Amino acid sequence: MRKIIIFGNSSSGKSTLAAELRDEGLAHLDLDVVAWLPSYPPKRRPINEADEKIQNFIREHDEWIVEGCYADLLELVEPVATEAIFLNLPVHLCQKNAMNRSWERHKYVSKKAQDDNLVMLLDWIAEYMIRKDSLSYTAHRQLFTHFQGKKTEILCN
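The shown structure was predicted, so the numbers you read here are calculated from the model rather than taken from an experiment.

Rules used in this analysis
Residues numbered from 1 in each chain as written. Predicted model: local features only at pLDDT ≥ 70, side-chain atom pairs only at ≥ 80, totals over all residues. Heavy atoms only, no water. Salt bridge = Lys/Arg side-chain N within 4 Å of Asp/Glu carboxyl O. Helix = DSSP H or I, 4+ residues; strand = E, 2+ residues; numbered from the N terminus. Core = buried A, V, L, I, M, F, W, Y, C linked by side-chain atoms within 4.5 Å. Buried < 20%, exposed > 50% of the residue type's maximum accessible area, 1.4 Å probe, protein only. Contact = heavy atoms within 4.5 Å. Polar contact = N/O pair within 3.5 Å; in protein donor to acceptor, adjacent residues only side chain to side chain.

*Asks:* Could you clarify how one ought to interpret the pattern of salt bridges in this entry?
*Replies:* Between side chains of opposite charge, a pair can form as their charged atoms come close. One pass over the full model with this rule turns up seven salt bridges. With its nearest N and O atoms 2.8 Å apart, the salt bridge here joins Asp-116 to Lys-112. Of this pair, Asp-116 and Lys-112 both sit in helix 6 (residues 111–116), four residues apart, which is roughly one turn of the helix. Put simply, Asp-133 and Arg-131 hold a salt bridge, and the shortest N to O gap is 3.6 Å. Connected through salt bridges with shared partners, the residues Arg-2, Glu-24, Glu-83 and Lys-150 form a single ionic network.

Structure below.
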């Protein structure tokens, strides 16, 4: 049974890789859906509420992919995961991916709304190596280093 966590910087290709694996029959959970409350401005969902949603997903599926930037949420899944994939692309490739991404309907009400967020996203991507939060390179490296199952690190598109 495949139980995969995928993580990396924003726009590193997590959702694209998850879609390819979903085509092999694995259920897919994008952590962006559970990490945020439906509010404006955006506000993180309390971790216990996000965990409840994640655990429900895991119970409902035998084989799955859980993907996102959130090391704090991925740590809740890591004990039952069989595989970890760290998309560790250079910042400039993540920024290029962000500029070329198609409309993410599950995240934005329109392509224009997504494009209006692009400058902020490019800045966010650029800060990946220096941030010290659960969405940082440091948190992702630690998660990958301590993972006990099959590990794959991807360095380019």
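*Asks:* Mind showing me how you'd approach the nonpolar core here?
*Replies:* Proteins that are soluble and globular tend to have nonpolar side chains buried together. Counting 26 residues, the largest nonpolar core has Ile-5, Phe-7, Leu-31, Ile-54, Trp-64 and Val-66 as its most contacted members. Looking at this core, the elements with two or more residues in it are strand 1 (3–8), strand 2 (27–30), helix 2 (32–35), helix 3 (47–60), strand 5 (64–67), helix 4 (71–77), strand 6 (83–87) and helix 8 (137–146). Here the element with the most residues in this core is helix 3; it accounts for four residues. If you look at the next biggest cluster of nonpolar residues, it comprises 16 residues, including Ala-18, Leu-93, Cys-94 and Ala-98.

*Asks:* Teacher, can you tell me more about the environment of Glu-153 here?
*Replies:* If you trace the backbone, Glu-153 turns up in strand 7 (residues 150–154). The exposure class of Glu-153 is partly exposed, given its relative accessible area of 30%. Sequence-distant contacts of Glu-153, that is, excluding residues within four places in its chain, are made with Phe-86, Asn-88, Arg-141 and Phe-144. A polar side-chain atom of Glu-153 sits 2.7 Å from a polar atom in the side chain of Asn-88. At 2.5 Å, the side chain of Glu-153 forms a polar contact with the side chain of Arg-141.

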